[in-house]
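Reading the structure
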Amino acid sequence: MTTTRKRWKTAALAACVAAALAANVYAASRDAPRSESPLSDASVIALSTGAQKPLARGRTISRVAVGDPAVADVNVLKGGGVLLVGKSAGTTNLLLWERGRDSPLSYTVEVAASASAALADAAAPQVRVLGQTAVLTGTTPTMEKHQRAVAAARASVGKDGALVDASAVATKSVVQVDVKVVEFSKTVLKQAGFNLFSQNHAGFAFGTFAPSALTSVTGGATNPLSVTATSPIGSAFNLLLNSTSRGLFANLSLLEGNNLARVLAQPTLVALSGQSASFLAGGEIPVPVPQSLGTTTIVYKPYGIGLSLTPTVLGPERIALKVAPEASQLDFAHAITIDGVSVPALTTRRAETAVELGDGESFVIGGLVDRETASNVNKVPLLGDLPIIGAFFKTLQYSQQDRELVIIVTPHLVAPIAKNAALPSTPGQQSEQRDGPVWRTFVGGALSPDAAPGFSQ
C-alpha cells in the first residue's frame, strides 16, 4: 500500500508540473507577438488621430521606445501595460521591454487622420503615411472609391505633403464610342410674279410685266406693238389667261419649294479611360499669312464636322463622357482678300458638354441650328406700293434655309479579342473575288448569279 501511494503521489506531482509548464507556454505565446518583423499583420496597430488603445495589459513594462513621438505617444499604466495615443498621421515603430525579458515586443503603429479614417472602407485602397508622403496601394472596384481614397490621402499629409498613387481601378479601361452625326438642312423658297398684256383692234396696247420678265418690245406709230416676254419665274406654276376677241393675255406665276436633306456621318472611336479621341469629316483650307520681308506662308485651317471626346471609366457599368462637337463650313459671302487671294470665312457651330452614362446608353446633342433668311422684292415704283393692286406690279422672292446638327453618342466598355481567337471577316474580304467566273458572268449577263469583278447585281 505504501509503495502504491508513493507512485500515485509521484504521478500527480508530474501532472501538476506539466500543467503548469503548459499554462506558462500558452500565456507566453498569447502575449508575445507572432512575428519579430515590424511589418507583420500581428504587430501592426492602426489608429486614427486622437484615438487611444491599451497594450500589454497585466504586464510590467520597464522601458518604452517610440520611433517618432510626433506620430504616437505612450503612457505607462499603473496596473500594468501601456496606453497608446495617436497624435498625427504617419507611421512609426513602438518597442516595449517587459521586466525579466531581454527581447522587446515590437509593434508598427500606423496613425491615419480622422477624416481619412472616416472616408476609407474595406473596398477602398490602403492609405499609408510615411513622413510627409502618403502612399496609396491596393485595388478598388470603382473610380468613386478611388477618389475617396485620394481625398483621404491628401487630408493625411496636408497641402505641403506628397502623394504617391500606386493603386489600380479594377475595371475595363478601353471605351468604344459609337457616334452618329446627322445634319438636317431644310430650304424654303417662295416666289410670285404677274404679267398682263392687252391690245384692241384699234391698235391700242397696254401691258404690265414683272421685273426682268420683259425681253424685247417692237412698235411705233404705224407698226403694231409686238412684245417678247418670259415667264416671271422659271420652273414655276403658271396660270395663263388669253382672250382673242378682246385681245387680252395674262400670266400669273407662283413657285414654292420645300427641301429636306440629311447628311450622316457614323464613326466609331476607341479611347483609354482619361484619354481623348477625335475625328474630322471635312477638309483643310489653305490660308496665306503674310510674313516679314514680303514673304508669305501657308497655314491650313480645318473645317467640316468634327468631334472630340474624353471618356472616364467610373465603375463596371458607369462612364463619364466629355463631348465637344463642332460643325463648320466655308462662307464665301464674307471672304477677304490677302495678297490678291480670296480667302473664305468659316461659319462655325460649336458646343461642349459632359454626361454620365451606363454601358450602352445613348444621349443626343441637338439644337445647333443655323438659319439663313433672304427676301428680295422687285417692283414698279409707286404702283408696287399700292395695297392689293400693287401685287400685280412686283415680284417677290423669299428663301429660308435651316440647318440643325444632331449628334448621338453611345459609349461601350470593351476588351481586346483573346489571343489566337478567330477574327471575323471584314466587309471587303466578304465581297472580294479572286480569279472569279469572268466569262460566265459576261455571257450570262443578268441571268448569271455571279457578280463580275468591279460590278454588283
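Parameters and conventions
- Residues numbered from 1 in each chain as written.
- Predicted model: local features only at pLDDT ≥ 70, side-chain atom pairs only at ≥ 80, totals over all residues.
- Heavy atoms only, no water.
- Helix = DSSP H or I, 4+ residues; strand = E, 2+ residues; numbered from the N terminus.
- Buried < 20%, exposed > 50% of the residue type's maximum accessible area, 1.4 Å probe, protein only.
- Contact = heavy atoms within 4.5 Å.
- Areas by Shrake-Rupley, 256 points an atom, 1.4 Å probe, with all protein chains shown as cover.
- Pairing = 2+ DSSP bridges.
- Axes fitted to C-alpha atoms, helices over the stretch in contact; angles between N-to-C directions.
- Phe/Tyr/Trp six-rings, centres within 6.5 Å; stacked < 30°, edge-to-face > 60°.
- Lys NZ or Arg CZ within 6 Å of the ring centre and 35° of its normal.
- pLDDT = per-residue confidence, 0-100.
- Salt bridge = Lys/Arg side-chain N within 4 Å of Asp/Glu carboxyl O.
- Core = buried A, V, L, I, M, F, W, Y, C linked by side-chain atoms within 4.5 Å.

Topic: the overall build of the protein chain
A tally of regular secondary structure across the protein chain gives five helices and 26 strands. Within the protein chain, buried positions represent 28% of all 457 residues. Long-range contacts, defined as pairs at least 24 residues apart, comprise 60% of the intrachain contacts of the protein chain with a sequence gap of at least 6. When the accessible surface of the protein chain is totalled, it reaches about 28,700 Å², and 57% of it is carbon and sulfur.

Overview of the sheet that holds strand S11 (residues 162-165)
Remark on secondary structure: sheet strands pair via backbone hydrogen bonds, oriented parallel or antiparallel. Read from one edge to the other, the open sheet built from three strands follows the order S8-S9-S11, with strand pairing classed as mixed. Among the strands making up the open sheet, the edge pair consists of strand S8 (126-130) and S11. Strand after strand, the sheet turns through a mean of 20 degrees between neighbouring axes, direction not considered. Pairing analysis gives five bridges linking S8 to strand S9 (residues 133-137), with the strands arranged antiparallel. Along S9, the bridge assignment pairs Leu130 with Thr133. Those strands touched by helix H3 (residues 143-157) are S8, S9 and S11, and its axis lies near 160 degrees from that of S9.

Description of the environment of Gly366
Its location among the elements puts Gly366 in strand S25 (residues 363-379). For Gly366 and Glu404, which are 38 residues apart along the polypeptide, the C-alpha to C-alpha distance reads 7.4 Å. Excluding residues within four positions of it along the chain, Gly366 makes contact with Glu404 and Leu405.

Digging into the packing of aromatic side chains
In total, this model carries zero aromatic pairs according to the counting rule given. The residue whose ring lies beneath Arg63 is Trp97, and the NZ or CZ to ring-centre distance is 3.8 Å.

Some words on the confidence of the model for the protein chain
Counting all residues, the mean pLDDT for the protein chain is 77, and 82% of those residues have values of 70 or more. When pLDDT is averaged over each helix and strand of the protein chain, the minimum, 44, is found for helix H1 (residues 2-31) and the maximum, 89, for strand S19 (residues 268-272). Contacts of residues 1-42 to residues separated by more than four positions or lying in other chains number 21 contacts, the stretch itself having pLDDT below 50.

Description of unusual backbone geometry
In this structure, Ile388 is a non-glycine residue whose phi angle is positive, near 65 degrees. Mapped onto the elements of the fold, Ile388 is located in the loop between S25 and strand S26 (394-414). Of note, Asn420 is a non-glycine position whose phi angle comes to about 65 degrees, a positive value. On the secondary structure map, Asn420 appears in the loop between S26 and helix H4 (427-431).

Notes on the pattern of salt bridges
Taken as a whole, this structure holds seven salt bridges when the rule is applied. A salt bridge links Asp402 to Arg371; the shortest N-O distance between them is 2.8 Å. Pair noted here: Asp402 is in strand S26 and Arg371 is in strand S25, with a separation of 31 residues, a long-range link. With a relative accessible area of 16%, Asp402 lands in the buried category. Its salt-bridge partner being Asp385, residue Lys379 comes within 2.4 Å of it at the nearest N-O pair. Lys379 gets classed as partly exposed once you look at its relative accessible area, which sits at 43%.

Let's talk about the sheet that holds strand S7 (residues 105-112)
Taken together, the four strands give an open sheet; going across it, the order is S1-S7-S6-S3, and neighbouring strands pair in mixed fashion. Edge positions in the open sheet fall to strand S1 (44-48) and strand S3 (61-66), since each of these has one partner strand only. For this sheet, the mean inter-axis angle between neighbouring strands, taken without regard to orientation, is 25 degrees.

Structural notes on the pairing of strand S20 (residues 277-290)
Judged from the 14 bridges that link them, S20 and strand S21 (residues 296-313) form a sheet pairing that is antiparallel. Within S21, the residue paired with Pro290 across the bridge is Thr296.

So, the nonpolar core
With 25 residues, the main nonpolar core has Val179, Val181 and Leu309 as its most contacted residues. At the level of elements, strand S13 (174-199), S19, S20, S21, strand S22 (318-338), S25 and S26 are the ones that each hand at least two residues to this core. Residues Ala72, Leu84, Tyr107 and Val111 belong to the second largest nonpolar core, which totals 16 residues.

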